[in-house]
Amino acid sequence: MAKAAAGKRTRVLHISPEAVPFCKVGGLGDVAGSLPRALRKTGIDSRLLIPAWDGVLDSVRDGGKRLRKASLDVCVSIDWRVHRGVVWSASLDGLTVHFLESPLFQGREIYPDDLDQHTVLPFVFLSQAALELGEAARWTPDILHCHDWGTAPLITSLMWHRHYRTRRSEFETVFTIHNLAHQGFLPLHSPRDWGLDEDAFTVDALEFYGMTNLMKGAIAGASAVTTVSPSYAREIQTDEGGAGLGGLLRSHGFKVRGILNGLDGDAWNPARDPLIPANYSMSNMAGKKKCKRALLERCGWKDDGRPVFVSVGRMVDQKGFDIFIPAMGDMMDRGCRLFIVGSGQPEYEGALRSLSESRPDSISAFIGYDEGIAHLAYAGGDFFLMPSKFEPCGLSQLISLLYGTPPVARSVGGLADTVFEHGSPGGNGFLFFDYSTGAFVTAVDKALRLFHDDPRGYRALQRVGMEADYSWDNSAPLYVDMYRSILPGAGDSAD
Ligand code: ADP
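Residues numbered from 1 in each chain as written. Predicted model: local features only at pLDDT ≥ 70, side-chain atom pairs only at ≥ 80, totals over all residues. Heavy atoms only, no water.

J.: Give me the lowdown on the environment of Asp54, citing residues and values where you can.
T.: Counting through the fold element by element, Asp54 comes out in the loop between β2 (45-51) and α2 (56-62). With 53 residues separating them in the primary sequence, Asp54 and Gly107 have C-alpha atoms 6.6 Å apart. Excluding residues within four positions of it along the chain, Asp54 makes contact with Phe105, Gln106, Gly107 and Arg108. (Helix = DSSP H or I, 4+ residues; strand = E, 2+ residues; numbered from the N terminus. Contact = heavy atoms within 4.5 Å.)

This is the structure in structure tokens:
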């Protein structure tokens with residue numbers, strides 16, 4: 001086992017395919033952008049490495065930050081070809097971010113629709129380049145902290161690559177599962193072209209029903225595995241919640257921890273948010289009323305006293321759209337208005353389009369990705385809907401709580417760890433348990449009753465969420481404990 005050098009701050013390199021404010025697809029982007037900064041406050045010398053997808057370097061320059069180009073490039077040999085990457089670095093609020101520039105990251109979406117031996121290349125390159133970063137960045141990490149399947153090849157390379165495995169003792173590795181539904185599964189029968197030897201393609205490593213499963217290899221090889229909430233950590237170690245990897249995760253259970261995600265309080269604060277029509281706080285809620293007015297106006301609605309239930313998120317099975325869409329008619333009949341923001345599976349997008357055409361007075365959908373509209377929904381809504389089938393952590397419900405928009409959520413995964421039933425200790429929203437339209441509508445009924453019958457009770461509920469602390473202050477120290485468990489002395493020296 002490697003050991004932290006006495007007196008030297010522990011160095012942790014986070015590697016992620018996405019990170020705010022440069023590129024974001026979902027919650028991983030929020031976490032990768034904020035966790036490394038939060039860790040710096042605890043004394044960890046953390047940095048971040050992300051790919052320079054289209055527009056990323058321009059966004060850094062446009063933000064007025066200086067980009068420094070490393071004098072050395074990183075070179076990685078994959079499939080008998082040498083791929084060269086240029087390393088750019090910038091300092092953002094004290095965090096050094098390295099951007100890896102390569103033609104492999106240009107002219108494509110971050111995550112491919114179909115993962116195969118060609119579309120996986122950017123991720124293999126990112127992973128192996130991270131192992132080569134030390135010289136170019138003149139900074140060598142003690143711990144490599146990989147986020148999700150796109151960076152999983154780093155850990156398998158360190159275990160089974162003919163060259164990189166000779167450097168195994170130089171680093172400890174952490175693999176964080178942000179969503180077990182996306183494992184990096186591809187029809188590749190032998191990853192020999194990546195430089196891995198045959199040991200990598202066994203049932204104890206990457207092999208999964210005759211194919212390659214990137215996440216599986218990383219779980220098997222990492223020094224520690226974390227996921228983003230304690231409940232999800234338990235759920236993924238069951239056959240039901242393990243998405244085919246429950247047995248593997250159980251057998252590696254000794255190194256699995258669930259650490260709740262935090263939110264970046266600078267990005268998500270209704271008192272300072274520049275993207276919403278008016279700012280507000282618990283002591284002055286006038287701004288929230290203005291936000292609701294702006295939301296109603298956007299939808300072409302008059303304020304007739306009906307509450308607006310909002311939702312922001314990917315329109316996919318995971319988020320419960322198969323029970324959500326059938327619930328919408330019942331909800332509108334009960335006097336709810338719905339404002340839904342997101343994009344995803346065509347059948348859900350299509351259903352929302354036709355519902356908003358047939359009931360324009362009660363439902364409005366924005367199909368697409370738009371930060372401004374998402375912020376308006378969080379700020380202007382009266383309740384936030386999150387009927388997820390499964391939910392690793394969920395950030396949307398935390399944002400809605402901070403914005404005084406109590407959630408109605410299914411008690412599963414991270415939602416079970418953060419949303420508590422109104423009336424119970426710490427009650428901040430409404431819950432349901434069965435994955436069914438009926439159970440969901442029953443929870444909505446409870447929310448409606450409070451809203452109409454007990455305005456003071458509703459304000460008290462808003463207050464619980466708005467006054468809570470969802471920052472990294474609680475969770476960053478748990479990551480430090482985990483680093484210490486794999487690297488004695490980690491985090492012991494002062495910042
Ligand atoms: P997941 O990572 O599963 O997509 P999370 O709740 O963890 O879900 O995080 C989703 C993040 O992405 C939140 O910050 C949310 O506001 C944002 N988001 C999701 N969909 C959209 C959208 N259509 N437009 C703007 N932001 C979105």
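Having seen the model, we can carry on.
J.: An account of helix α15 (residues 455-467) is requested, with residue identities and associated values reported.
T.: Counting along an α-helix, one turn takes 3.6 residues, and residues three or four places apart therefore face a common direction. Compared with an ideal rise of 1.5 Å per residue, which puts 13 residues at 18 Å, α15 spans 18 Å between its outermost C-alpha atoms and is within 8% of the ideal. Taken together, the buried positions of α15 are occupied by Gly457, Tyr458, Leu461, Gln462, Gly465 and Met466. Considering only its buried residues, α15 is in contact with α8 (286-299), β17 (383-386), α12 (396-402), β19 (430-432) and α14 (437-453). (Expected span 1.5 Å × (residues − 1). Buried < 20%, exposed > 50% of the residue type's maximum accessible area, 1.4 Å probe, protein only.)

J.: Summarise a positive patch on the surface; cite the residues concerned and give the values.
T.: Together, Lys289, Lys290, Arg293, Arg456 and Arg459 make up a positively charged patch on the protein surface. Among the secondary structure elements, those contributing two or more residues to the positive patch are α8 and α15. Among the elements that line the positive patch, the one with the most residues is α8, at three residues. (Patch = residues over 30% accessible without salt bridge, like charges linked within 9 Å, V, L, I, M, F, W, Y side chains within 5 Å. Areas by Shrake-Rupley, 256 points an atom, 1.4 Å probe, with all protein chains shown as cover. Salt bridge = Lys/Arg side-chain N within 4 Å of Asp/Glu carboxyl O. Lys, Arg positive; Asp, Glu negative; His and termini not counted. Charge placed at Lys NZ, Arg CZ, Asp CG, Glu CD.)

J.: Got a sec to walk through the sheet that holds strand β16 (residues 363-367)? Specific residues and values, please.
T.: Either a parallel or an antiparallel arrangement is found when strands of a sheet pair, and the pairing is made through backbone hydrogen bonds. Across the sheet, which stays open at both edges, the six strands sit in the order β16-β15-β14-β17-β18-β19 with parallel pairing between neighbours. Since the sheet does not close on itself, it has two edges, and those belong to β16 and β19, each with one partner. For this sheet, the mean angle separating the axes of adjacent strands, direction not counted, is 20°. Alignment of strand β15 (residues 337-342) against β16, held across five bridges, turns out to be parallel. Along β16, the bridge assignment pairs Phe339 with Ser364. Strands in contact with α14 are β14 (308-312), β17, β18 (407-410) and β19; relative to β19, the strand with the most contacts, it is inclined by about 165°. (Pairing = 2+ DSSP bridges. Axes fitted to C-alpha atoms, helices over the stretch in contact; angles between N-to-C directions.)

J.: I'd love a proper account of the packing of α14 against α15, names of residues and values included.
T.: Where α14 meets α15, the closest approach of the two axes is 5 Å, and the angle between their N-to-C directions is 115°. Residues Leu450, Phe451, His452 and Asp453 of α14 pack against Pro455, Gly457, Tyr458 and Leu461 of α15. Partitioned by chemical class, the residues of the contact of α14 with α15 number five nonpolar, two polar and one charged. (Nonpolar A, V, L, I, M, F, W, Y, C, P; charged D, E, K, R; others polar.)

J.: Which residues make up the packing of aromatic side chains, and what are the values?
T.: As enumerated under the stated definition, the model contains 23 aromatic pairs in all. Seen in terms of ring centroids, Phe309 and Phe383 are 5.0 Å apart; in terms of plane orientation they differ by 25°. Their pairing is stacked. One end of the pair, Phe309, is in strand β14; the other, Phe383, is in strand β17, with 74 residues separating them in the sequence. Classification of Phe309 as buried rests on a relative accessible area of 0%. (Phe/Tyr/Trp six-rings, centres within 6.5 Å; stacked < 30°, edge-to-face > 60°.)

J.: I'd like a description of the site of the ligand, backed by residues and values.
T.: Around the ligand, a shell composed of 21 residues is seen, among which Gly27, Arg314, Lys319, Gly368 and Tyr378 lie nearest. In this structure, Asp30 approaches the ligand through a side-chain N or O atom, which is 3.0 Å from an oxygen atom. A distance of 2.7 Å is found between an oxygen atom of the ligand and a side-chain nitrogen or oxygen belonging to Tyr378. For the shell around the ligand, the secondary-structure elements that each account for two or more residues are α1 (27-41), β15, α11 (371-380) and α12. Of the residues contributing to the shell around the ligand, the split by class is eight nonpolar, eight polar and five charged. (Near = heavy atom within 4 Å. Polar contact = N/O pair within 3.5 Å; in protein donor to acceptor, adjacent residues only side chain to side chain.)

J.: Please provide a residue-by-residue account of the environment of Val419, values included.
T.: For Val419, the location among the structural elements is in the loop between α13 (413-418) and β19. Judged by relative accessible area, which is 0%, Val419 ranks as buried. On a C-alpha basis, the gap between Val419 and Leu487 in space is 34 Å, while along the polypeptide they are 68 residues apart.

J.: Give a description of the pattern of salt bridges that names residues and reports values.
T.: Across all of its chains, the model carries 26 salt bridges by this definition. Between Arg11 and Asp45 there is a salt bridge, with the nearest N and O atoms lying 3.7 Å from each other. Of this pair, Arg11 sits in strand β1 (residues 11-15) while Asp45 sits in strand β2; the two residues are 34 residues apart in sequence, bridging distant segments of the chain. Owing to a relative accessible area of 23%, Arg11 belongs among the partly exposed residues under this scheme. Judged by its relative accessible area of 12%, Asp45 falls in the buried class. Arg37 is paired through a salt bridge with Asp93; the nearest N and O atoms lie 3.5 Å apart.

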